[in-house]
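So you can see what is in the structure, the chains are spelled out below.
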Amino acid sequence: MATPRLSAQASIHIPHPEAPPESEIFMSGVNQRQEGDWYYLRGAAKVETTEFLVTADEIDYNSETHWAYARGNVKFEHFADGEKLNADHAEYNLKTEEGKFYVVDGTSPAKVMNSPGLLTTTNPFYFKSLWAERLRDRYILHKGFVTDCVIPKPWWTFSAPLFDIVPGNRAIGHSTLFRLHGVPIFYLPIFYRPLGKNERQSGFLTPNVGNSSLLGYMVGLGYYWAINRSYDLTAIEHYFTSRGPAENIDFRGKPNAATDFNVQLYSVQDLQGQNIGTASAPFYLHEGGTQINTNFRTAFDGWTGLVDYNYLSSFLFRQSFTQSYATALTSEVDSTGYLQRHFDQDTYSLYIVGQQTQIFESTAPNDYVSIQKLPSVQFSSRDQQVEDSPLPVWLSFTSSAGVMNREEPLTYKETSTIGNINTANAVDRIDVEPRVTTEFKYKGFSLTPSFNFGATQYGDSWKANSYAPNYGSGVTCASGTSSVACPFADPNYAFSSASILRHDIDFSADLRFPTLEKIYTPPKWLHMGAKLKHVIETEATYEDISGIHNFDRIIHFDSTDLLADTNQVKLSLTNRVYKKDSKGAVSEVFTWSVVQERYFDPTFGGAVQPYQRNVILESDELTPFAFLNGPRSYSPIVSTMRVMPLRYLSIDWRTDWDPLFSKFVDRTIGAGFRASKYFVNVSQNEINAPIYPALAGPGALLTPLTSLLTPKADQVSFSGGFGNTNRRGWNAAASETYDYVDKEPLYEEVQISYNTDCCGFSGQYRRFNWGTRHETQFLFSFALANIGTFGSMRKQDRIF
């Protein structure tokens, strides 16, 4: 049949590959006839343009008015937007792309919301109504419903007298009723569903409810405000029936391409408090507080800047109200701000740094250590070769100048009195360290000697001998008082405004031996690839630091102040095993490193004192576990092993063996397995520092005693389950952390979920058990795929 042209196209779209040329119409039917401007198509009737296709049992089309009237099994498909409609009959204008469809249902392409932890589906967005209007790029549905579920028996629907749908953009329902399996659940005055573009829209968040044995019933309601394309704010108000209100505020922004920020606030007004007394004699402990986390990044004119500010009103608040086990046990709060710039092809670096670190010692008020840099300017140079010869020479340096402050509580354990030490508001510190390095190589041997010359000027210091243990007569020991020496008393801090100059010469020589290696062909039953390569690396480092004769007078702010005299050798042996598969890909499947240090100066120039916990830079760089409880000639043997024989199995084992006590003083071991839908993780963290019995001396001393280094700890964590966030059917997981010292669980969690093709149901049991917090929670959530979650389970607290 003839193909009349449209006089004008309403819009410009990318044409469908098999569509007619632009401005032309293809029409066909089993029976066709033309009467003037009218075309009558009967039997498998079809009208197609560049933008859309209409099929029906019968189609009447007027080439003058551009109206088409379709009857019987009407199907409409729009190529550009992707929507498809089915109707009993329809009338449609091919020029204006407007019309009406009666007894209609249809689909729009799925909008998968790629948000972590959000249930997703690739099901198309389905809608059905008594009749619908198409107005250019939108549909108005009358007396219908929408869903993401598979038809004809959807798990859920939103029904409303009127829906406004823009395919590929959004759907809005007015006076909407949500039904689950046909049962009315709740009413929404307005329902908004993104379908593509412009997904950031202001609106109320789904309410959440929950229950806690400690906080009571919880009800929460939030609002999301899309201020503009660069800023948004989320505000959620909670109310705990047994404690009071709580606020969550999250403000984000990106003013320009190089700048972004995020401010988060969590606050609880604990109006009632927790009764830590008895029913007859109650005592209410108010545990409320505020936590603020701020992150700001920017770049301008060659500079980059960052502000990461974190505030915590009290450790008691964190332990009482945080919903994360890992966060509840984190007693450190760090804040950092800096501006940095690199010069001369990154040879030189300039940093302007402000920093604050708070380490909470307990949940008691003001029981924390606070260290501040107010601020510090750091200028450094990376290694630069100044001599290009068989004996190369590199020069580098670091330097800094700033003002510091340190504040911490002072507790006399024997008398239970608490004092406080505080440096001046600003302790100035200037540090300069130039470094010279060279290197010798011969037949696989590599020797790298270096000289470091350090000078540090402190504006204030401790008084001489004030950092040593207090042996005065006013301290009570287990044997009595008076003149009995009590070596476990706290230091007697005495602050001095006298300046002090520390200078040192640091010589080190790093010797690396030739690498030993051998290639094997493993048996096939091991599934270890085509080839295995075993590599042995050996290294010895000698270091001599001298000139630091005033360690006890230096105020400690960071690692710069922990430097002490030493004369030592560090020996390390590392075994590595690599595998190569049949495709040539290489991966490391086994690593085992063993390190030990030998000290020729057991007291480290007098910095290490007997009968107390000593932390110096040399020990801190070897292991995070303190081991210097007095002078000694060698360190523990530090062993670190990682095994990944298969892509779904990994094992990590780190331990310190102390020959001085012939035992493992600490160890961490963990194993993880994940295959298909199953996963298991097990870990143990144990600290078993030596416990001292009564000591011989000029009188009986403290007995029994706990460790001078780190309190004993032994915790085992387990997690396992099957499934994931989007897996259909049943998913379950559990985790537990058990304390073998206190012989009770610290944290337990069990989650069970069931996902359909378009929604999911989850229930969670959690138990917190530490300090004053003994709480049981029962949480639930109901998730709508690609939309969001309703309930009391936070996204970050879900196992999956």
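Predicted model, so just to flag it, every value in this text is computed and none were measured.

Undergrad: What should I look at first to understand the pattern of salt bridges in this one?
TA: It is possible for side chains bearing opposite charge to pair when their charged atoms get close. By the definition in use, this model includes 28 salt bridges. Residue Asp-164 pairs with Arg-138 through a salt bridge whose shortest N-O separation is 2.4 Å. Taken together, the residues Asp-164 in strand β10 (residues 156-166) and Arg-138 in strand β9 (residues 138-147) connect sequence positions 26 residues apart. Overall, Asp-164 belongs to the buried group, its relative accessible area being 12%. The partner of Arg-642 in a salt bridge is Asp-652, with the nearest N and O atoms 2.7 Å apart. On the criterion of sequence distance, the pair formed by Arg-642 in strand β38 (residues 637-646) and Asp-652 in strand β39 (residues 649-658) is long-range, its members being ten residues apart.

Undergrad: In this structure, what is going on with the nonpolar core? I would like to understand it.
TA: One broad rule of soluble globular proteins: the nonpolar side chains tend to lie buried together. Residues Ile-59, Phe-101, Val-146 and Ile-165 are the most contacted members of the largest nonpolar core, which totals 42 residues. Once residues lying within four places of it in the same chain are set aside, the contact partners of Phe-101 are Phe-76, Leu-85, Ala-87, His-89, Ala-90, Tyr-92, Trp-131, Ala-132, Arg-134 and Tyr-139. Counting 13 residues, the second largest nonpolar core, distinct from the first, contains Phe-240, Ala-246, Val-333 and Phe-360.

Undergrad: What am I meant to see in the pairing of strand β5 (residues 67-78) here?
TA: When a strand is regular, its side chains alternate between the sheet's two faces. As paired strands, strand β4 (residues 52-62) and β5 are joined by eight bridges and run antiparallel to one another. Each bridged residue has a counterpart across the sheet, and for Leu-53 the counterpart in β5 is Glu-77. The pairing of β5 with strand β6 (residues 84-93) spans nine bridges and is classified as antiparallel. Across the sheet, Arg-71 pairs through a bridge with His-89, a residue of β6. Count of turn residues in the β5/β6 antiparallel hairpin: five residues, of which Gly-82 carries a positive phi of about 85 degrees.

Undergrad: It is not clear to me how the environment of Arg-138 should be interpreted in this structure. Could you clarify?
TA: Judged by its relative accessible area of 27%, Arg-138 is partly exposed. Along the primary structure Arg-138 and Pro-167 are separated by 29 residues, whereas in three dimensions their C-alpha atoms are 6.6 Å apart. Apart from residues lying up to four places away in sequence, Arg-138 is in contact with Glu-133, Asp-164, Ile-165, Val-166, Pro-167 and Arg-170.

Undergrad: What exactly am I supposed to notice about the state of the cysteines here?
TA: One way to say it: the disulfide is the covalent bond shared by the sulfur atoms of two cysteines. All chains considered together, the criterion is met by one disulfide. Here Cys-149 engages in a disulfide with Cys-758; their sulfurs sit 1.8 Å apart. When the S-S torsion is 80 degrees, as for the bridge of Cys-149 with Cys-758, the disulfide is right-handed. With Cys-149 in the loop between β9 and β10 and Cys-758 in the loop between β44 (744-755) and β45 (759-770), this residue pair connects regions lying 609 residues apart in the sequence. Given a relative accessible area of 3%, Cys-149 falls into the buried group. According to the relative accessible area criterion, Cys-758 is buried, its value standing at 0%. Cysteine Cys-759 shares no disulfide, and the gap to the nearest cysteine sulfur, in Cys-758, comes to 4.4 Å.

Conventions and cut-offs
- Residues numbered from 1 in each chain as written.
- Predicted model: local features only at pLDDT ≥ 70, side-chain atom pairs only at ≥ 80, totals over all residues.
- Heavy atoms only, no water.
- Salt bridge = Lys/Arg side-chain N within 4 Å of Asp/Glu carboxyl O.
- Helix = DSSP H or I, 4+ residues; strand = E, 2+ residues; numbered from the N terminus.
- Buried < 20%, exposed > 50% of the residue type's maximum accessible area, 1.4 Å probe, protein only.
- Core = buried A, V, L, I, M, F, W, Y, C linked by side-chain atoms within 4.5 Å.
- Contact = heavy atoms within 4.5 Å.
- Pairing = 2+ DSSP bridges.
- Disulfide = S-S within 2.5 Å.

No statement about biological role is implied by the geometric values presented.
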